[in-house]
Every structure is written in C-alpha cells, then in structure tokens.
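What follows is the residue order along each chain.
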Amino acid sequence: MNLIGKNIKTSRERCNMSQKELAQKIRVGSAKIEKYETGESIPDTLTILKICTVLDITVSTIMNSGLHSTQIPEHIPYEMYNPQELNESECYRFLNHDV
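Rules used throughout
- Residues numbered from 1 in each chain as written.
- Predicted model: local features only at pLDDT ≥ 70, side-chain atom pairs only at ≥ 80, totals over all residues.
- Heavy atoms only, no water.
- Helix = DSSP H or I, 4+ residues; strand = E, 2+ residues; numbered from the N terminus.
- Buried < 20%, exposed > 50% of the residue type's maximum accessible area, 1.4 Å probe, protein only.
- Contact = heavy atoms within 4.5 Å.
- Areas by Shrake-Rupley, 256 points an atom, 1.4 Å probe, with all protein chains shown as cover.
- Core = buried A, V, L, I, M, F, W, Y, C linked by side-chain atoms within 4.5 Å.
- Polar contact = N/O pair within 3.5 Å; in protein donor to acceptor, adjacent residues only side chain to side chain.

Caption draft 1: Highlighting the overall build of the protein chain. A count of helices and strands for the protein chain gives 6 helices and 0 strands. Taking all 99 residues of the protein chain together, the buried fraction comes to 37%. When contacts within the protein chain are restricted to residue pairs at least 6 apart in sequence, those whose partners lie at least 24 apart make up 55%. Summing over all exposed atoms, the protein chain offers an accessible surface of approximately 6200 Å²; the carbon and sulfur share of this is 47%.

In structure tokens:
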C-alpha cells in the first residue's frame, strides 16, 4: 500500500463509507478504489479532487504522510487544497499549469 492509497482508505473508513459507495459517488468501478488503496494504481488529479470532495478532505490529506499535516508546498495554488471551490475547467487549468 502506498501513501496515497493508505490515506484514501483511512479517510474513507473515517466516513464509514465502503469502497463501492465511494466508487459510485465518483463514478468509477469499485475495483478502481481497491486498486488505489492497495497502490496497484494511482488516481489522476481530477479523481483525487473528486475523492477529496466526497470525503470532505483536502488534497494535502491524501498527499502527505500525516493526515493532520497542514504544510502546503509553495508551488501548489491554495485552491488545489480546497477542491470544493474548483469547477472542472479550473481543475484542468491547474493541471496544465495555466495559473
């Protein structure tokens, strides 16, 4: 299990949500969530943002080694840590570094 997978699993379990429920909410197959959590696959940025929105967590929660970490790297815009504030076109803008 990798760091991202571990943090997704921990956050999902804190929400008392099954892999199937999370998968339905972000519109992927439940096998995908299992692959993310075991480290067999890594979710793309847009999927991470969707997971964060559903689980009501920040990107830093998934990306950092501590679920309580508040350090935000300087090169990442603040909005990326608050996915609820982004719409899909803004996500693509950040992905393409057009900030």
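Caption draft 2: Main features of the nonpolar core. If you look at the biggest cluster of nonpolar residues, it comprises 16 residues, and the most contacted ones within it are Ile8, Leu22, Ile33, Ile51, Cys52, Leu55 and Ile62. Among the elements of the structure, α1 (3-14), α2 (19-26), α3 (30-38), α4 (45-55) and α5 (59-63) are those that each provide at least two residues to this core. Take this core: its biggest share by element is 5 residues, from α4. The residues touching Ile62, leaving out its near neighbours within four places in the chain, are Leu3, Ile4, Asn7, Ile8, Ile48, Ile51, Cys52 and Ile57.

Caption draft 3: Region of the structure containing the side chain of Asn7. With respect to the helices, strands and loops of the structure, Asn7 is situated in helix α1. Accessibility expressed as a relative area gives 2% for Asn7, which makes it buried. At 3.1 Å, the side chain of Asn7 and the backbone oxygen of Thr61 are in polar contact. At a separation of 3.0 Å, a polar atom in the side chain of Asn7 contacts the main-chain carbonyl oxygen of Ile62.

Caption draft 4: Structural view of the environment of Gly5. Looking at the secondary structure, you find Gly5 in helix α1. Its relative accessible area of 0% is what places Gly5 among the buried residues. C-alpha of Gly5 to C-alpha of Thr38: the two residues are 33 residues apart in sequence and 5.9 Å apart in space. Apart from the residues lying within four places of it in its own chain, the contact partners of Gly5 are Tyr36 and Glu37.

Caption draft 5: Geometry of the environment of Ile4. Structurally, Ile4 can be placed in helix α1. Along the sequence, Ile4 and Thr61 sit 57 residues apart, while their C-alpha atoms lie 8.9 Å from each other. Non-local contacts of Ile4, meaning those with residues more than four positions away in its chain, are made with Ile42, Pro43, Ile62 and Met63.

Interpretation in functional terms is not warranted from these geometric data alone.
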